[in-house]
Amino acid sequence: MRQSADRLLDLGSESGLPESTAHAHYFLGLCHYERNELDDAEKHIAAVVKAPYVVNVHNHSYSAFALALTYEATGRSNDAREVVDAVADLAMTARNASLVQSAQAFRAELAIRQGRIAEAVQWASTFDPHPFFVEYRFYMPQLTLA
């Protein structure tokens, strides 16, 4: 994945394709996150989050979820919550029901990781999961319910 993302970053930069470049940063960030290279993960993922109109709203939001977990892993819990709150606000403003549901699920995921179990249990009591299907997203709401 890293080799493909590096190549995509080169091609996107050379060809002036900002969406391709953003996808490359997204995948590079995920690769670094999974390897616990959190400074590099933050650098790449933040590049996507700081350019919300370059990628579609779902790619931006799932990048923000990855950034929130990167912040959480580095002890920046307040920053993690702020990122998730920004996604939730964007989803509400856009009136995007599926993104609202994803943002609420991710809030519960973050609550679990931060020890706020009652908040996650409250979310779980109202969550109506859609059928699970494979995507290349960083986060799947159905897994939080599990």
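Preceding block: the structure.
Counting restarts for each chain, with residues numbered from 1 along the sequence as it is written. Where totals are concerned, whole chains, interfaces and linings use all residues; where local detail is concerned, this predicted model gives features only for residues with pLDDT of at least 70, and gives and counts side-chain atom pairs only at 80 or more. Water and hydrogen atoms were dropped before computing side-chain values, which therefore reflect all heavy atoms in the structure.

A look at the packing of helix α3 (residues 38-49) against helix α4 (residues 57-73)
Then comes step 1: Closest axis-to-axis distance for the α3/α4 pair is 9 Å, and the angle between their directions is 150°. Relative to α4, the element α3 is oriented roughly antiparallel. Seen along the crossing, α3 lies across α4 with a hand that is left-handed. Contacts between α3 and α4 involve Leu-38, Ala-41, Glu-42, Ile-45, Ala-46, Val-48 and Val-49 from the first element and His-60, Ser-63, Ala-64, Ala-66, Leu-67, Thr-70, Tyr-71 and Ala-73 from the second.
Then comes step 2: Tallied by class, residues from the contact of α3 with α4 come to 11 nonpolar, three polar and one charged. Think of each axis as a best-fit line through the C-alpha atoms, taken over the contacting stretch in the case of a helix, with angles from 0 to 180 degrees between the N-to-C directions. Runs of H or I in DSSP of at least four residues are treated as helices and runs of E of at least two as strands, each being numbered from the N terminus. For classification purposes, angles smaller than 35 degrees are called roughly parallel, those larger than 145 roughly antiparallel, those between 65 and 115 roughly perpendicular, and all remaining angles oblique. Handedness of a crossing follows from how the near helix is turned relative to the far one, being left-handed for an anticlockwise turn of less than a right angle and right-handed for a clockwise one. Residues are treated as being in contact if the distance between any of their heavy atoms lies within 4.5 Å. Three categories are distinguished: nonpolar for Ala, Val, Leu, Ile, Met, Phe, Trp, Tyr, Cys and Pro, charged for Asp, Glu, Lys and Arg, and polar for the others, with Gly belonging to the last.

Considering the nonpolar core
Then comes step 1: Residues Tyr-26, Leu-67, Phe-106, Phe-138 and Tyr-139 are the most contacted members of the largest nonpolar core, which totals 43 residues.
Then comes step 2: Other than its neighbours up to four places away in sequence, Leu-67 contacts Glu-42, Ile-45, Ala-46, Val-49 and Val-83. Buried Ala, Val, Leu, Ile, Met, Phe, Trp, Tyr and Cys residues form a nonpolar core when they are joined through side-chain atoms within 4.5 Å. Buried, partly exposed and exposed residues are distinguished by accessible area as a fraction of the type maximum, computed with a 1.4 Å probe on protein chains only: under 20%, between the cut-offs, and over 50%, respectively.

As for α3
Then comes step 1: Here a helix's expected span is defined as the number of its residues, less one, multiplied by 1.5 Å. For α3, spanning 12 residues, the distance from its first C-alpha to its last is 16 Å, which sits close to the expected 16 Å at 1.5 Å a residue.
Then comes step 2: Three or more residues of α3 are buried, namely Leu-38, Ala-41, Glu-42, His-44, Ile-45, Ala-46, Val-48 and Val-49.
Then comes step 3: For α3, the secondary structure elements touched by its buried residues are α2 (18-34) and α4.

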